[in-house]
Structure formats: C-alpha cells, structure tokens
Amino acid sequence: MSVSFPPGFLWGTATAAYQIEGAAQEDGRGPSIWDTFSHTPGRTLGGDTGDVAADHYHRAPDDVRTMAELGVNAYRFSVSWPRVQPTGRGPAVQKGLDFYRALADDLLDRGITPVLTLYHWDLPQALEDEGGWPARDTAQRFADYAGLVADALGDRVERWTTLNEPWCSAFLGYGSGVHAPGRTDPVDALRAAHHLNLAHGLAAHALRAALPARAQLSISLNTCAVRARTDSDADRDARRRIDALANRVFTGPLLHGAYPDDLLDDTAHLTDWSFVRADDLAAIARHPLDSLGINYYAPTVVSAATGGPASTADDGHGASAHSPWPGADGVSFHQQPGERTDMGWGIDPTGLYDLLTHYSREAPGLPLLVTENGAAYPDRPAPDGTVHDVRRVRYLHGHIAALHRALADGADVRGYFVWSLLDNFEWSYGYSKRFGIVHVDYATQTRTPKASARWYARLARTGVLPDPVVP
C-alpha cells in the first residue's frame, strides 16, 4: 500500500544564511556574532569560518536551478541581518536587499514558494557589543529590522518566520557558550530567551503592519521530544524540568500567554524574572501564529543524577564546562541505544510523531510544518563522482513515514523541509559534518546531488513516499 500525501503539501529544502552564503565582507555586509566567534581561536573545529562557506551569495541562481530540477515546491532560507543592517540599526543596505529580492524572484519564476526566516543566529556584532539578546533593546532592534525586510520583500514573500531555534540562540549562545557569542551566564541565557520571545512578538506586530493580509507568520522551534530514562518519580521530574527549559519556555508565552509556573519555580534561585515587564506577555502573544515550525533530529533522554554529579555530556549540544540548562543541575542526559548519525545523535522517528501529535493537541487548529529534519553522515564521492548516501535515505524515509502516521492520526501538518539543501558550515563543527542532500566540494564549490536528492525528488514530484532504496 502506497503512502501518499495530500495535494498542496509543501516539499521543501532549508538553509541558513551564515552557513552557505559566504561573501562575508562584500556589498556592505557587517560582521555578525558568528564572524567574531568563528575567527576566535579554539571556537570552531579546525578554525573554520563562514567567510566563503558554499559561496551561495555568488551561486544562488545555480542553487535555485538545482531545486527546480529536484521538483521541490518550497525553499526555506534566512536573511542575513548584518547584510541588510550592518550594525543592527539605521537604514537598510539596498545591495543586501537586492540579493534577497533576486532570490525570491528566481524562486517564484520556477514555481518554488519562498519561505523566509528573519533570524538564524547571525546577530550583528554591534548589537552584541551593546549587550546582545540579554539586553531588552535588541528585541526592538529586531522589530525594526523585520519592518525593513517586510517593506522590501512583502510583495514577493507570503510565508514569514521570525526566529529559528531561539533555544539555541539563548542557551547555547549565552549558557554553555558553544555557540556565538560564546557567553556562559545562566541568568543571561534566561534573559536572552525572554527577549527572543519578545522579539518575536514585536516583529510579528511590525510584519502585520507592513505585509498584505494574506501573509503567513510562523516561528521555528527545535522542540525536544524529552523522555524519562525510567518511570521513576525522580526521572519523570527530570523530564519535566527539561521540557520546561527546552519547550515550554517558548510555547508557554507564544501559545498561552504565560511562562510555566514550574519553570519560574525551578529557576527562582537564579532570577526573579523581573526582566519580564507588565505588557511583555501580551506583546508576545498579540498576533497568533499562522503555523508552528517544528525542527526535529533526535529524542532527548534524561534521568535524575544519582551516585555522582549530573552530566550534560550526552545532551547532543557540544562539549562545555557550562550547562545550557539553568536550574536543572540535577539532571543527567543519556544516549539512547542504537544507530547514530555523524553528529552522535540517536535515530528515532517516533520522536517526530510524538511532537507532531502533541502540538496538534496542545494547539488545535494551528497548522504545523516540519521546518528542519535531516542527518549528517561522512559522505564521500565514489570514484565515478556519485554520492551513495544510503543511511540518509533510510533516515529520511523513516521520519517522513512518521510524519504520515501523525497526519493519519489527525495532526494538521502542511509541509516538510529537509535539512539541508547543501553541505555547509556546521557552526562550531566547521566543515566536518555534512547534512546536505547536495554534496559541496569546498575547494571547487562543485555541487553534486547525492542519492538522497534523487530519492527526495521522487517524493516531491509525486507526493508518494518511495521505498528507502538508493535510486
């Protein structure tokens, strides 16, 4: 029996500006926190930077042509804030906006829906120098930037995402320090989380004022499928704590207009949350979402720490002496048994099913999009130049089948975006991890669609899930 998806389902690919664009100092672009971080010795593997990356800034027409050849009908990309507003303040740089205008036009000409993300972690360094996301003013600066981009692209782009994975921006950037800007203060991480929530609310207000009524607003969260290691009370409480810090710190304000009481209690020894002002929660939830983006890669397994100190070594977010989980010092993280990707992440499609069905119950009537899902493997071209990424095909098949099960069980899922279109700069891992369905030879910038790209093309063109075999 074939597994078919409904007409109009979005089959897309996804990328992020700093990971693929390069052209770090061209056409007026200013430095971002990731430029500074990656140029700081010891911060990224091998000292890799995004200065050139996949050179998408110069090769966008070829990359769009590749997407058209694959038959995808949507492309999720991010705008580089410092390419548009080099210091995070003032008028827009028109050459920066022109790049995204041309990209959107090219996509539309080829029948591909542009899905624009305003922020994928590249805060202008000048705003970090003024305090970054722990500073309240950054939220207002983001709203101003959102208005500039909306004025420039609102006639072309109908699908808008404010933030990508604000958990990473807050807790990896300001808690564990494994992401830019590399700060390690648990209270600053919580402040950053709130100001990112506020930034979403203020930007949504600016977008609604600037965009046509048909525009669709969203946010993409790396929601965690958190699982207790055992059914003990202590392990279930560990799960509750991480669920609050990973998920409900964002979905609480966004969907329900409040931070969870247990989150406030768990972190009361760190902060009284006085950085949340009287009207903030109303501002965050003022404009309801038109869809919720779900990013999923692997489940998170936790327990209460017993017989020794708690460990975050297996939380999947990189090594650090500092925890990205403020207020959860008694929680240990564990690898689930079984096959892992090149990132060391366990493979379990049921986590995606659980998230989709959970949020369809928590927010009935809110459409869902899987805005990131994929796997890194050490892909190498064969002697004939082809890339037979069999494991990635199996990974994608399993997760898309889980998505279909969620659809059959009533979840309103409208689209799926594979991460990623291209091999790219994988943040602190540099160029050592390959997530792309298109191989990039970084020395020559030659693109080679992998077997997974051909497999995904069959799915995108037919809406029928192919068998997990390499075409």
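Just so it is clear, the model here is predicted, and its values are computed rather than measured.

**Focus: the overall build of the protein chain**
- Scanning the protein chain from N- to C-terminus turns up 15 helices and 13 strands.
- Scaling as 2.2 N^0.38, a compact globule of 471 residues should have a C-alpha radius of gyration of about 23 Å, and the protein chain matches this with 21 Å.
- The dimensions of the protein chain, computed from C-alpha atoms along their principal axes, are 60 × 50 × 45 Å.
- Looking at the 471 residues of the protein chain, the share that counts as buried comes to 60%.
- For the protein chain, long-range pairs separated by at least 24 residues make up 76% of all intrachain contacts whose partners lie at least 6 apart in sequence.

**A few points about the layout of surface pockets**
- By volume, the largest pocket is sized at about 220 Å³.
- Lining the largest pocket are 14 residues, and of these C224, R239, D243, L355 and H358 sit closest to its centre.
- Taken together, the elements giving at least two residues each to the lining of the largest pocket come down to β6 (226–228), α10 (233–256) and α13 (350–362).
- Considering only residue class, the lining of the largest pocket consists of five nonpolar, three polar and six charged.

**As for the pairing of strand β10 (residues 368–373)**
- β10 sits mainly inside the fold: six of its six residues count as buried.
- Relative to β10, strand β7 (residues 292–295) runs parallel, the two sharing four bridges. Bridged to L292 within β10 is L368.
- Read as a crossover between parallel neighbours, the route from β10 over helix α14 (residues 390–408) to strand β11 (residues 413–419) is right-handed.

**So, the pattern of salt bridges**
- Enumeration over the complete set of coordinates arrives at 38 salt bridges.
- Across the pair R89 and D137 runs a salt bridge whose closest N-O atoms are separated by 3.0 Å. Of the two residues, R89 sits in the loop between α4 (81–84) and α5 (94–109) while D137 sits in helix α7 (residues 137–153), which places them 48 residues apart along the sequence.
- The class for R89 is partly exposed, based on a relative accessible area of 36%.
- Given a relative accessible area of 35%, D137 falls into the partly exposed group.
- Residue R240 is joined to D262 by a salt bridge in which the shortest nitrogen-to-oxygen separation is 2.9 Å. Separated by 22 residues along the polypeptide, R240 in helix α10 and D262 in helix α11 (residues 261–266) bring together distant segments of the chain.
- Since its relative accessible area comes to 19%, D262 is described here as buried.

**Some words on helix α3 (residues 56–70)**
- Between its terminal C-alpha atoms α3 stretches only 18 Å, short of the 21 Å expected from 15 residues at 1.5 Å a residue.
- Where α3 bends most, the angle comes to about 35°, and this point is D62.

**A few points about the environment of D262**
- Linking D262 and G318, residues 56 residues apart in sequence, is a C-alpha distance of 27 Å.
- Setting aside its immediate chain neighbours within four residues, D262 contacts R240, A244 and R248.

**What about unusual backbone geometry?**
- Here the bond from A180 into P181 is cis, since omega is 10°, no more than 30 degrees from zero.
- Inspection of the secondary structure puts P181 in the loop between α8 (166–176) and α9 (186–210).
- That bond from W419 to S420 is cis: its omega, 10°, falls within 30 degrees of zero.
- On the secondary structure map, S420 appears in the loop between β11 and β12 (438–441).
- Backbone geometry at W273 places phi at a positive 60°, although glycine is not the residue there.
- Summarising the element assignment, W273 is placed in the loop between α11 and α12 (280–284).
- The backbone of W427 shows a phi angle near 55°, a positive value even though the residue is not glycine.
- With respect to the helices, strands and loops of the structure, W427 is situated in the loop between β11 and β12.

**Section: the packing of aromatic side chains**
- Counted under the stated rule, the structure contains 34 aromatic pairs.
- Both rings, one in F9 and one in W11, keep their centres 4.6 Å apart while their planes meet at 50°; by these two values the pair is tilted. Accessibility assignment for this pair places F9 and W11 in one class, buried.
- Grouped by ring-pair contacts, the aromatic residues Y18, W34, F37, W121, F425, W427, Y431 and Y442 constitute a single cluster.
- Above the face of the Y57 ring, R83 is positioned so that its terminal group lies 4.2 Å from the ring centre.

**Quick look at the UniProt feature "active site" (unreviewed entry) in the protein chain**
- Taking the UniProt record as the reference, the feature "active site" (unreviewed entry) is found at E372.
- Within the secondary structure, E372 sits in strand β10.
- When its relative accessible area of 4% is taken as the criterion, E372 is described as buried.
- Those residues in contact with E372 that sit more than four places away from it in its chain are R76, H120, N164, E165, I294, N295, Y296, Y297, F417 and W419.
- Of note is the side chain of E372, whose polar atom sits 3.3 Å from the side chain of R76.

**Some points on the sheet that holds strand β8 (residues 300–304)**
- Across the sheet, which stays open at both edges, the three strands sit in the order β6-β8-β9 with mixed pairing between neighbours. Because the sheet does not close on itself, it has two edges, and the strands there are β6 and β9 (331–334). Within the sheet, the average angular offset between the axes of one strand and its neighbour, ignoring direction, is 40°.
- As judged from the four bridges shared by β8 and β9, these two strands associate in the antiparallel manner. In the sheet register, A304 faces β9, and the bridge partner there is V331.

Cut-off values and rules
Residues numbered from 1 in each chain as written. Predicted model: local features only at pLDDT ≥ 70, side-chain atom pairs only at ≥ 80, totals over all residues. Heavy atoms only, no water. Helix = DSSP H or I, 4+ residues; strand = E, 2+ residues; numbered from the N terminus. Rg over C-alpha atoms; globule rule 2.2 N^0.38 Å. Buried < 20%, exposed > 50% of the residue type's maximum accessible area, 1.4 Å probe, protein only. Contact = heavy atoms within 4.5 Å. 1 Å grid on protein atoms, 1.4 Å probe; cavity = no way out; pocket = protein on both sides within 12 Å on 5 of 7 lines; lining within 4 Å. Points joined across faces, edges and corners; volume = space filled by probe spheres on them. Nonpolar A, V, L, I, M, F, W, Y, C, P; charged D, E, K, R; others polar. Pairing = 2+ DSSP bridges. Right-handed = clockwise from strand over helix to strand, strands pointing away. Salt bridge = Lys/Arg side-chain N within 4 Å of Asp/Glu carboxyl O. Expected span 1.5 Å × (residues − 1). Bend = angle between axes of the 7 residues up to and from the residue. Phe/Tyr/Trp six-rings, centres within 6.5 Å; stacked < 30°, edge-to-face > 60°. Lys NZ or Arg CZ within 6 Å of the ring centre and 35° of its normal. UniProt positions renumbered as here; feature names shortened; annotations may be inferred. Polar contact = N/O pair within 3.5 Å; in protein donor to acceptor, adjacent residues only side chain to side chain. Axes fitted to C-alpha atoms, helices over the stretch in contact; angles between N-to-C directions.

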